[in-house]
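Report on the structure
Here are the chains, one letter per residue:
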Amino acid sequence: ALLNPLQDDFKIGTIGSSVAAGHDNCHYDSYESQLQRTLSSIFQSAGMNLIVQNAGEGGGCGDTHENQVFCITHNVSPDVDIIHYSWTYFEHGGAEKARESLIRWGQQMPKRPMVHHLVARGKANTCEGDSKENAMLDNTYAAYGYNAFCIQTGLYFGGHDYDKEQEEGINRFGWQQVGDGYHNTTRYGELEEDEERRNGLGTVYRNWHPGPLGFQIASDAFAYVYSMGVLMALELIEKDMDAGLDPRDRWFVKSTDDRGLLSTDGEYEETELTSSEGQSGLRHLSSKQRLLEPKLSLPPQTVKDMPEPLFCNPLYCSIPHPPSCINYEKPTYGVPGPTVQTQNEWKIWKQNNNWAYEVGKKDIALFKRWNDEEWYQKCTHLDACGGITASDSSQGELVFELPASKMTTGLIIVCGCCGKKVGEDMFLKNENLEIKLNGKVLNKSKMDVYPNAKCARLVKAFKDFDEDSDISKEDELLLSFNLKTNTNEVKI
């Protein structure tokens, strides 16, 4: 807002597992909630609202990083300024493909957000940097803002001798351990009058999930890095203002592509802000002027100028638009790409979770004792499985209109719920389920399980990209699902 009067919100969007969701804690104690509370006053001082979106999902829905990265523009707002990614306990072999895809797709989103990777663990001397694949990602995409943050590594870097304590029988990273060697509770825990709550906030790890104090390490690491970035930017802005220059000439140019949100019309208005030296500096844009775009030291915005992919399939990760998705799981903050054209009697459902869902037992007991409706709301986690479902042929045909104009390669994936291995039986081997594209029945022998066992790849690519494909790109693409007889429930 200080630099760009057309932006009032700064958005950080998180995708990830139950660690990102904050499970085994109150939602209030998740690192995203802590980060928003920590930094909000700084952003508000510049007329900006900080919004940290938490789209973390528990494991019960069957999701992994492999399928969730495809839903980035529905899970979080497409105009996020920063993307957080955290799938620590799911990343087994090949995870660099999903992370690289996300980094590259982010560069095709309106704000070209950086991707910051939160690791729930970490090592004494490195934040995953001893992995060849991670080092390659770091070296290639650091210029695009890519970075990794490891909770335990950050604690080690503070100088505390955890190894010596381990020899003495003290494991600060063990389950339910209170105190990280520096503090015995969180900052807000220091103000807590209830001793049980104050001590609980000092838990570093509940189990494999971080506790409130562990999450404070993550929150503070992000807050420190972002605050340093804000200070560096303010120094440059002040230097330009003192020199009588418009800082936006350093940072922005008028948008020239379809990511601009407003059309160009009009000049700068009267100067409203002056520097500490009394020099004219920032000027407000007229309401009709085209949105400004970042100018200097930014990554290229075209696919051909991006580095060659290291790990991900260029057919899917070197595309001019990020993939689109419709996700019935909760929460989502973005915009679905596919839309339902015909629903008939298919039913949309969502798991109904109460406030105690995935909250730790000790916190449940504590807040039941408090019996405070406001805290029940603060504790309630946001994530819930969901889908659109049918099990009876009388429920008719479900038809999605796909975003054909932004489909370059032609990849089409459907995922089922709920479970990690439902894709094959629910879609590929289900003889009672007929899947069509523009009225043509798709050949299931050409389908496969992808990108994980929860999902099925219905179309690998348009025939321009795949010699085995008989699917052409058309101006309108309608994907339909129809049950020929009664069958086991299909949940999409």
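Figured I'd write up the structure that's included with this text. Please read these numbers as outputs of a predicted model, since none were measured by experiment.

What about the state of the cysteines?
- Enumeration according to the criterion identifies seven disulfides in this entry.
- Covalent S-S linkage joins Cys 127 and Cys 150, the inter-sulfur distance amounting to 2.1 Å. Between Cys 127 and Cys 150, the disulfide has an S-S torsion of 80 degrees and is therefore right-handed. With Cys 127 in the loop between strand S4 (114-119) and helix H6 (132-141) and Cys 150 in strand S5 (residues 147-150), this pair connects stretches of sequence that are 23 residues apart.
- Here Cys 415 is linked by a disulfide to Cys 455, with a sulfur-sulfur distance of 2.0 Å. Measuring the twist about the S-S bond at about 100 degrees, one finds the Cys 415-Cys 455 disulfide to be right-handed. You can see Cys 415 sitting in strand S12 (residues 412-415) and its partner Cys 455 sitting in strand S16 (residues 455-459), a full 40 residues away along the chain.
- Among the residues examined, Cys 415 registers a relative accessible area of 21% and is labelled partly exposed.

Observations concerning the environment of Phe 222
- With respect to the secondary-structure elements, Phe 222 resides in helix H10 (residues 212-242).
- The exposure class assigned to Phe 222 is buried, which follows from its relative accessible area of 0%.
- Residues Phe 222 and His 116, spaced 106 residues apart in sequence, show a C-alpha to C-alpha distance of 9.0 Å.

Notes on a negative patch on the surface
- A contiguous patch of negative charge, built from Asp 161, Asp 163, Glu 167 and Glu 168, is present on the exposed surface.
- Assignment of secondary structure puts Glu 167 in helix H8 (residues 162-167).

Considering the side chain of Asp 194
- The residue Asp 194 is located in the loop between H8 and helix H9 (195-200) in this model.
- Using a relative accessible area of 17% as the deciding quantity, one classes Asp 194 as buried.
- Among the polar contacts made by the side chain of Asp 194, one reaches the main-chain amide nitrogen of Arg 197 at a distance of 3.2 Å.
- The contacts of Asp 194, once residues within four sequence positions are left out, are Leu 366, Arg 369 and Trp 370.

Some points on the packing of aromatic side chains
- Per the counting criterion, the structure on display carries 23 aromatic pairs.
- Judged by centre distance (5.1 Å) and plane angle (85 degrees), the rings of Phe 367 and Trp 370 are edge-to-face. With Phe 367 and Trp 370 both in helix H13 (residues 361-370) and three residues apart, the pair spans about one turn of that helix.
- Ring pairs connect the aromatic residues Tyr 28, Tyr 188, Phe 367, Trp 370 and Trp 375, which therefore count as one cluster.
- Looking at Arg 121, its charged tip hangs above the ring of Tyr 205, at a distance of 4.1 Å from the centre.
- Above the plane of the ring of Trp 349 lies Lys 491, whose end atom (NZ or CZ) is 4.3 Å from the centre.

So, the environment of Glu 66
- Among the structural elements, Glu 66 can be located in helix H3 (residues 65-68).
- In this structure, the C-alpha to C-alpha distance between Glu 66 and Ser 101, residues 35 residues apart in sequence, is 9.9 Å.
- Aside from chain neighbours lying at most four places away, what touches Glu 66 is Pro 451 and Asn 452.

Some thoughts on the packing of helix H2 (residues 31-44) against H10
- Contact geometry for H2 and H10: axes closest at 8 Å, N-to-C directions at 35 degrees. For the pair H2 and H10, the crossing hand works out as right-handed. The segment H2 lies against H10, with Tyr 31, Gln 34, Leu 35, Thr 38, Leu 39 and Ile 42 engaging Pro 212, Phe 215, Gln 216, Ala 218, Ser 219, Phe 222, Ala 223, Tyr 226 and Ser 227.
- By residue class, the composition of the contact of H2 with H10 is ten nonpolar, five polar and no charged.

About the criteria used
- Residues numbered from 1 in each chain as written.
- Predicted model: local features only at pLDDT ≥ 70, side-chain atom pairs only at ≥ 80, totals over all residues.
- Heavy atoms only, no water.
- Disulfide = S-S within 2.5 Å.
- Helix = DSSP H or I, 4+ residues; strand = E, 2+ residues; numbered from the N terminus.
- Buried < 20%, exposed > 50% of the residue type's maximum accessible area, 1.4 Å probe, protein only.
- Patch = residues over 30% accessible without salt bridge, like charges linked within 9 Å, V, L, I, M, F, W, Y side chains within 5 Å.
- Areas by Shrake-Rupley, 256 points an atom, 1.4 Å probe, with all protein chains shown as cover.
- Salt bridge = Lys/Arg side-chain N within 4 Å of Asp/Glu carboxyl O.
- Lys, Arg positive; Asp, Glu negative; His and termini not counted.
- Charge placed at Lys NZ, Arg CZ, Asp CG, Glu CD.
- Polar contact = N/O pair within 3.5 Å; in protein donor to acceptor, adjacent residues only side chain to side chain.
- Contact = heavy atoms within 4.5 Å.
- Phe/Tyr/Trp six-rings, centres within 6.5 Å; stacked < 30°, edge-to-face > 60°.
- Lys NZ or Arg CZ within 6 Å of the ring centre and 35° of its normal.
- Axes fitted to C-alpha atoms, helices over the stretch in contact; angles between N-to-C directions.
- Left-handed = near helix turned anticlockwise from the far one by under 90°.
- Nonpolar A, V, L, I, M, F, W, Y, C, P; charged D, E, K, R; others polar.

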